[in-house]
Amino acid sequence: MYRTVCGIHYMTPGTDNHGLFENLRLELRRGSLVLAVLAALRKEQYGYTLRKTLSEQGMAIDEGTLYPLLRRLESQGLLVSEWREEEKRNKRFYRLSSEGKVILKQLLAEWQSISTSLNGML
Amino acid sequence: MDLVDSYVRAVAKALPEEQREDISRELSEDIRSELEDRQRELGRDLTQAEQEALLRQRGNPLLLAARYRQDQRSLTIGRELVGPVLFPFYVKVLSFNLGLTLVVIGAIFLALLAGGQRIGFREIVSTCLLQLFIQLAIVTVIFFLVQTHLTKHPDRWHLKGMSGGMALDLNIERDIASAAKSQRKDWGPKVSRFESISIIVACAVAIAWITGVQKYPFLILGPAASLLKLAPIWYQIYFPILLLTVAEIVRAFINLVRPDWVLFRLIYRILVHAGGLAVAYALLRAGSWVVGADGGANPPAGDNGAVEILNQVLYWGLLFSVILSAGMLVFRIVDLVLRWRRRESRGVRATAN
């Protein structure tokens, strides 16, 4: 997918394709970020370690995006959080709620289906 | 207060009140975790500059706070005039201004009614609408300018944030980094060019307005302009006010070219403030600020009552303003003296070292 979009970029010089590509890339990632966050929170983590985990897995996300997303997911009932002391500091730990687990399972199935379809087309 | 606290506080000021504490705690925790992580990697404490760089990466506190907000409304007329980042502040400032305007207009109408004047419903509506339109236009233009600045320079952390939930406090001269650095500087952080430009624009608008009031008293008296007129004192103080406003424009121009002339601004503002206070005192001493439309010689009984009530209201308003202004002048002088003393003590310590 990445190579295809870049190919178009180089074939049509003189247009602002880089900006367009960036927008499309962000759009693509935005959708998959929710899935990545939910998947990473199968194991309880606090914000900073979650950010590191995602980054190490190639899904880097800035804190200005992650924390509002966590709040939204929590308000939707997909995550639960609690403040707890660790290493002498209070940290907010997040994990999937039971509803979140169900949704994650459904989203993963959808993801697999999209991926299979796309792979067939590409 | 360390840099992290300053940053978190700057973000917190722009957060919705119900989430403020919770988000601030988590943000503070996240930043401190990252700082510790970096320190572990480097095997030493981070320098001030490294901490600043780390906070800079997180971006403008105002923009960061906006990402937490659910409310993404904006003001768009053809193009976006006030974006979602500033929109909540815009609404608050506008509500405050419009509320105040309605109170003032209401007071004028009540004074006229108490004086036995007959006022038509249409007159009340047209006056309110005109005043509201003027306020709306002014506030929108100011926010549009701030929005343009923010869009153009999101990396300049000029916004100090909300103050007491009442007003947008644009302390342009201070960003997070310069707030920390100001302890080391002689007279304080540099004067922001944006602040200088804003003052020039605001003073130019003020000059246009006070000049317009001379010809069109309706601009200040509203519907009462057909029954009342400004007392001679206003015409006597016109030139001193004009002079002080022009002096402020000159000062802003100088600081636009030389933002590092902080001491110059401190002293100059004290002088201009003292001049303003003298003018306000002269105004207060006049004793009468509005007269009947016929010059006050033989006003009808109803007009006379309205004039008396309005003059009483103006007296207390002016007295309050003069006291407040005197207090601010004292504060500015004390601030200058304290800065001078801090500078002296640092000089002594530097010599001793």
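Residues numbered from 1 in each chain as written. Chains lettered and ligands numbered in written order. Predicted model: local features only at pLDDT ≥ 70, side-chain atom pairs only at ≥ 80, totals over all residues.

Re the overall build of chain A
The helix and strand inventory of chain A stands at 5 helices and 3 strands. Listed N to C, the secondary structure of chain A is α-α-β-α-α-β-β-α in terms of helices and strands. Relative to its 122 residues, chain A shows a buried fraction of 16%. Of the contacts formed within chain A by residues at least 6 apart in sequence, a portion of 41% connects residues at least 24 apart. (Helix = DSSP H or I, 4+ residues; strand = E, 2+ residues; numbered from the N terminus. Buried ≥ 20, exposed ≤ 12 C-beta atoms within 10 Å, placed from the backbone. Contact = placed C-beta atoms within 7 Å.)

Things to note about the interface of chain B and chain A
Counting from both sides, the interface comprises 10 residues of chain B and, opposite them, 11 residues of chain A. Contributions of two or more residues to the side of chain B that touches chain A are made by α2 (17-42) and α4 (61-68) of chain B. Per-element tally for the side of chain B that touches chain A: the top contributor is α2 of chain B, with 5 residues. Of the residues in the side of chain B that touches chain A, the class split is 2 nonpolar, 2 polar and 6 charged. (Nonpolar A, V, L, I, M, F, W, Y, C, P; charged D, E, K, R; others polar.)

A short note on the confidence of the model for chain B
Residues and elements named next belong to chain B. A residue-level look at chain B finds 84% of positions with pLDDT of 70 or above and a mean pLDDT of 78. The low-confidence segment residues 158-177 (pLDDT under 50) makes 45 contacts with residues lying over four places distant or belonging to another chain. Taken over the whole predicted complex, pTM reads 0.56, whereas the ipTM for its chain interfaces reads 0.75. (pLDDT = per-residue confidence, 0-100.)

Focus: the environment of P217 of chain B
Residues and elements named next belong to chain B. Inspection of the secondary structure assignment puts P217 in the loop between α8 (193-215) and α9 (218-221). A residue is classified by how many C-beta atoms lie within 10 Å of it, and P217, with 19 of them, is partly exposed. Along the sequence, P217 and K229 sit 12 residues apart, while their C-alpha atoms lie 6.9 Å from each other. Each residue touching P217, except ones within four places of it in the same chain, is listed here: A225, K229 and L230.

Re the packing of helix α1 (residues 3-13) of chain B against α2 of chain B
Residues and elements named next belong to chain B. Across the interface, α1 lies against α2 with an axial gap of 10 Å and an inter-helix angle of 150 degrees. Where α1 crosses over α2, the two elements pack in a sense that is right-handed. The segment α1 lies against α2, with V4, V8, V11 and A12 engaging R20, S24, L27, S28, I31 and R32. Here the residues of the contact of α1 with α2 sort into 6 nonpolar, 2 polar and 2 charged. (Axes fitted to C-alpha atoms, helices over the stretch in contact; angles between N-to-C directions. Left-handed = near helix turned anticlockwise from the far one by under 90°.)

Some thoughts on the pairing of strand β2 (residues 79-82) of chain B
All names here are of chain B. Judged from the 3 bridges that link them, strand β1 (residues 75-77) and β2 form a sheet pairing that is antiparallel. For L75, the partnering residue across the bridge sits in β2 and is V82. The turn joining β1 and β2, which pair antiparallel and follow one another in sequence, is formed by 1 residue; a positive phi near 80 degrees is taken by G78. (Pairing = 2+ DSSP bridges.)

Some thoughts on helix α6 (residues 121-152) of chain B
With 32 residues, α6 of chain B extends 46 Å between its outermost C-alpha atoms, agreeing within 8% with the 46 Å of an ideal straight helix rising 1.5 Å per residue. Each element contacted by the buried residues of α6 of chain B is listed here: β2 and α5 (87-114) of chain B. (Expected span 1.5 Å × (residues − 1).)

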